[in-house]
Amino acid sequence: MVTIMKYKIGKISRLLNLSTEGIRFYEKNGIVAPKKELYSSTRYYDVWDIHILMRARAYRRLGFSIQEIYDVIHSGDIPLLTDALSNKERLIEEEIIEKMNLLKRNREIKSMVTDAEKMLNKYRIEFSPHILRFNTQNCNALINEPRRHLLASEWISHAPFTFTSAIFPKDEILSNGKGYFLGFGIGDDYARYLNITPNNYIHRLPAHLSVFTVFASSSDSLLSPARLAGALDVIQNSGLELAGDAFSIVINFHKTKDIYRNYHLVWLPVKDHTKDSD
């Protein structure tokens, strides 16, 4: 007859680095069944219980529900186990892809914040990012269209991949006007990841040669295309032509006392006529 050593719950808890409450949870759900000696209420576990608990924790880390753990441990059915593992593999892959995209986005936001400090009220020529966006505001007033409100709710749920974005129409920039639109944007790569496509509300803004600048904005000052007068001077003095509406990515929202503040990273699309003559 094989003699199997028996251990109290405290010993098992220390060995597995698992709380006594955790062990009782697995016991309550039928994963392990400690033995009781006659005339004693003390529960004892053996080495088989140790390995079952270890395996249960492994399945738990892989995302198995307690019912799934019970089923695979009590059935010994290989197809059941491999099907469950295949399902968890798919879910883990999805989580990894999400985490990798979050890491990438985190690095992009950090880079934009750092660059904004360096480029405040300065200018350079570069290609704008390829984004999709839609409007929710005409200046400071919400556009009263239920479909836009639904889109806004959906896009907010996709943060941090989505961002606040302004459109400064070309005509308003050239006339030193006051009109602009606010809404939400998303990079083309994240739009593909989240299956967001253009429609009657969502418009694609492809990458375009642009003059890039950054300006600070706050709730106690007027936001208007006039803030881009310096960029327009750079365009004209460089022999370029404003080729369309400018757009911004708005970052670093914060509050100082009762004043809200942020930065607009702005791209003004340009056309280089010297290349046309070549």
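Bear in mind that the values here come from a model prediction, so they are computed numbers and not experimental data.

**Q** Outline the packing of aromatic side chains, listing residues and values.
**A** Counted by the stated rule, this structure contains ten aromatic pairs. On the basis of an interplanar angle of 70° and a centroid distance of 5.6 Å, the ring pair of Phe25 and Tyr26 is categorised as edge-to-face. For the pair Phe134 and Trp155, a centre-to-centre distance of 4.8 Å together with 85° between the ring planes defines the contact as edge-to-face. With Phe134 in strand β4 (residues 131–138) and Trp155 in helix α6 (residues 146–156), the pair connects residues that are 21 residues apart, well separated along the chain. Per residue, the accessibility class of Phe134 equals that of Trp155, and both read buried. Above the plane of the ring of Tyr44 lies Lys6, whose end atom (NZ or CZ) is 5.4 Å from the centre. Of note, Arg55 hangs over the ring of Tyr59, and the distance from its end group to the ring centre comes to 5.7 Å.

**Q** Talk me through the environment of Glu37; I want residue IDs and the actual numbers.
**A** Among the structural elements, Glu37 can be located in the loop between β1 (35–36) and β2 (43–44). Here Glu37 falls in the partly exposed class, since its relative accessible area comes to 36%. Along the chain, Glu37 and Leu142 lie 105 residues apart, while their C-alpha atoms are 72 Å from each other. Apart from residues lying up to four places away in sequence, Glu37 is in contact with Lys6, Thr42 and Tyr44.

**Q** Tell me about the pattern of salt bridges, and name the residues and values.
**A** Close approach of charged atoms allows side chains of opposite charge to pair. Considering all chains together, one arrives at twelve salt bridges under this definition. Salt-bridge contacts for Lys104 lead to Asp189; the nearest nitrogen and oxygen are separated by 2.5 Å. With Lys104 in helix α5 (residues 78–119) and Asp189 in helix α8 (residues 188–193), the pair connects residues that are 85 residues apart, well separated along the chain. Exposure remark for Lys104: the relative accessible area of 35% places this residue in the partly exposed category. Its relative accessible area of 27% is what places Asp189 among the partly exposed residues. The residue Arg148 makes a salt bridge to Glu145 at a minimum N-O spacing of 3.3 Å.

What counts, and at which threshold
Residues numbered from 1 in each chain as written. Predicted model: local features only at pLDDT ≥ 70, side-chain atom pairs only at ≥ 80, totals over all residues. Heavy atoms only, no water. Phe/Tyr/Trp six-rings, centres within 6.5 Å; stacked < 30°, edge-to-face > 60°. Helix = DSSP H or I, 4+ residues; strand = E, 2+ residues; numbered from the N terminus. Buried < 20%, exposed > 50% of the residue type's maximum accessible area, 1.4 Å probe, protein only. Lys NZ or Arg CZ within 6 Å of the ring centre and 35° of its normal. Contact = heavy atoms within 4.5 Å. Salt bridge = Lys/Arg side-chain N within 4 Å of Asp/Glu carboxyl O.

Purely geometric numbers; function is a separate question.
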